[in-house]
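# Observations on chain architecture
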Amino acid sequence: MTVENLSKTYRHHQREPGLGGSVRSLFRRQSLERVAVDRVSFSIEAGEIVGFLGPNGAGKTTTLKMLCGLLFPSAGQVSVLGFTPFQRQAAFLERIALVMGQKTMLAWDIPAMETLLLQRDMYGLSRAEFKASLGELTELLDVGPLLQVQVRKLSLGERMKMELLAALLHRPDVLFLDEPTIGLDVLSQQRVRDFLRDLNRERGTTILLTSHYMDDIEALCRRVMVIDRGQLYFDGELAALVERLAPMKQVQALYAEAVPVEQARLELDGLTPRQDDDLRRIRVAAPRDRVVEVAACLLRLGPAIDLTVEEAPVEEIVRDLFRERRRTEVEP
Amino acid sequence: MTWRVLRRMIAMDIMQNLEYRGAFLLYMVGLLATPVISLLVWLAVSAGSHGLPFDRQQFVTYYLLLSVTSMVTSVWLGPWVAENIRLGGLSPWLLRPAPYILNQIANNVGEKIVKLPLLVPLVALLGFAFRGDVHLPTDPWAWLLFTLCLPLSASVAFLLDFTLGSLAFWVHDVRGLLRVKYLLSGFLAGQFVPLELFPPALRGVLDVQPFRYTLSFPLEVVTGSLTRTQVLQGFLWQIGYCVALWAVYRVEWHFGLRAYGAAGA
């Protein structure tokens, strides 16, 4: 999958608020343009799982929609599996799938099995292929008894599993996921993540997913792309993003009895060890290359009963990143 | 493969529609209301005036046949197509290797398969109420032509609605346009007034406008009010409208998909 200078601009009308604005807009409309995706370039190898991160309106979903052929790009080149997505050739559509957390492809009033049979006919699967794929996915997703239940009677989590089943029945080579765990409880989120990991490992499916849940990204993606205001801000390993944005780690020691923090302050030049009120816990925010030195120093202070080294939570890091970007844009 | 997909879609639509059979019965009663009211009005008019080209028996037969024909050629897809385009409901269909129009065809055919068996007893009741005035044609040739004509009429009606609904690619709200179309259709298709009752000066225009071929033309064919040449010309107009509207659909969708915003996630 290769993307070069991909852009998408939406046109819309600006209207003043209220009834008066509505009436005036009948006669005079101001046409505006909004750049949703701005010259984005990247490539994804077969078999990769890549996470797409960004705040609301960053351009993640718009990019995803251009990659699967739903949206016509305003500029740039896209090639997925050697096809130009927007041409929507049958040979291309038969090798991709998009699962959208907020849009359904299942017929609402009848059991999901009927939609699956339609998928079989649409993708030209033989009975044997259908049976094998259905059996495998039903087992992985643990949805066997639900196939004959009306879709509208399924819970949100069950429906999402059925959406995945319907989307994957034809064994796509590339899977696009837009908020696949939105609205699911913690247990269902975990099951969907496990399923996607197995799918990637066993079928070699290339997966590109957007999610607001950092847990999804952390659990599945080694590589992430961060997009904000339509521009690609970062493309690389998740660990590298964390290191770049949060160079400090938190080293913390818990002691059996009170220890003197002054000793640590003397030894750890340039760092600021902080001690809790009960004098039994000391915390130090340390650069990655001084973590070992800090840990050794803390262990020398007294009889330690626990020592932890923690990353700042990824969710916090990313939130801070976008907040910081907004702040620097506002300030001159 | 397309036929297999279409058959599957139709079966799914029938299954979904059977979920709402109670609502359909009410819909049927509503559908019969227009021809029955029109019939009663025209019977009152014909009783008090002379010189109308239609007599009482012709009115009864016309509206009885119209009640079934209008069901076969009826369409309701325009607003759905427009809503799917505007709100992004099109997206799940665009991602699959089957054209979206196939789904709408299946919905149209599937609903009619469910609705027709419900409609026929109601029409039979209507026929029984006016049994002295019903004179159904006896010429098998007329019925054969009528049967050939119906799918073409349904196709013209379907494509008219589909192409109008598809304007939602560019126009934010096509509901107004569709309302005007449904109103025009009531008059120009021969639903409120048989086209033969319009002033002769208008016949030239009325004969070639597309709404005639969605409803009035099959009725004119079966009631034997047309010459052979007029029947042949009518068939050619129907086929011409089908081809032209299909071309409009293809052009609309070729450019429309470039403007599609795929709203929502």
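All values derive from a computational prediction rather than experimental measurement.

Attention now moves to the interface of chain B and chain A. Across the contact, 30 residues belong to chain B and 37 residues belong to chain A. Between chain B and chain A, the buried area comes to about 3100 Å², and carbon and sulfur atoms account for 61% of it. At the boundary of chain B and chain A, one finds two salt bridges. Across the pair Arg8(B) and Asp121(A) runs a salt bridge whose closest N-O atoms are separated by 3.1 Å. Counting across the chain B and chain A interface gives four residue pairs in polar contact (both at pLDDT 80 or more).

Our next topic: the packing of helix H7 (residues 140-165) of chain B against helix H8 (residues 175-188) of chain B. Residue and element names in this part refer to chain B. At a closest axis distance of 10 Å, the pairing of H7 and H8 adopts a crossing angle of 160 degrees. Regarding the angle of H7 to H8, the classification is roughly antiparallel. The two elements H7 and H8 cross, and the hand of that crossing is right-handed. Between H7 and H8, the contacting residues are Asp161, Leu164 and Gly165 on the first element and Leu177, Leu178, Lys181 and Tyr182 on the second. Its residues assigned to classes, the contact of H7 with H8 comprises four nonpolar, one polar and two charged.

With that settled, consider the pairing of strand S6 (residues 174-178) of chain A. Residue and element names in this part refer to chain A. Where burial is concerned, most of S6 is hidden: five out of the five residues are buried. Residues of S6 alternate between two faces, with Val174, Phe176 and Asp178 on one and Leu175 and Leu177 on the opposite face, all of them buried. By the bridge criterion, five bridges tie strand S5 (residues 96-100) to S6 in an arrangement that is parallel. Looking across to S6, one finds that Val99 is bridged to Leu177. Examined bridge by bridge, S6 and strand S7 (residues 206-210) share five bridges and lie parallel to one another. Paired with Phe176 across the strands is Leu208, a residue of S7. Each parallel crossover has a hand, and for S6 linked through helix H7 (residues 186-203) to S7 it is right-handed.

With that settled, consider the nonpolar core. In terms of nonpolar packing, the biggest core is built from 162 residues, with Leu165(A), Phe176(A) and Trp253(B) touching the most fellow members. Of the residues forming this core, the biggest block, eleven residues, is contributed by H7(B). Not counting the four nearest positions on each side in its chain, Phe176(A) is found in contact with Met1(A), Leu64(A), Leu67(A), Cys68(A), Val80(A), Ile96(A), Ala97(A), Leu98(A), Val99(A) and Leu208(A).

Assigned domains of chain A: these are domain 1 (44-242) and domain 2 (247-310). Centre-to-centre separation of domain 1 of chain A and domain 2 of chain A, based on C-alpha positions: 45 Å.

Conventions adopted
Residues numbered from 1 in each chain as written. Chains lettered and ligands numbered in written order. Predicted model: local features only at pLDDT ≥ 70, side-chain atom pairs only at ≥ 80, totals over all residues. Heavy atoms only, no water. Contact = heavy atoms within 4.5 Å. Buried area = accessible area lost by both parts, 1.4 Å probe. Salt bridge = Lys/Arg side-chain N within 4 Å of Asp/Glu carboxyl O. Polar contact = N/O pair within 3.5 Å; in protein donor to acceptor, adjacent residues only side chain to side chain. Axes fitted to C-alpha atoms, helices over the stretch in contact; angles between N-to-C directions. Helix = DSSP H or I, 4+ residues; strand = E, 2+ residues; numbered from the N terminus. Parallel < 35°, antiparallel > 145°, perpendicular 65-115°, else oblique. Left-handed = near helix turned anticlockwise from the far one by under 90°. Nonpolar A, V, L, I, M, F, W, Y, C, P; charged D, E, K, R; others polar. Buried < 20%, exposed > 50% of the residue type's maximum accessible area, 1.4 Å probe, protein only. Pairing = 2+ DSSP bridges. Right-handed = clockwise from strand over helix to strand, strands pointing away. Core = buried A, V, L, I, M, F, W, Y, C linked by side-chain atoms within 4.5 Å. Domains from an automatic or database assignment.

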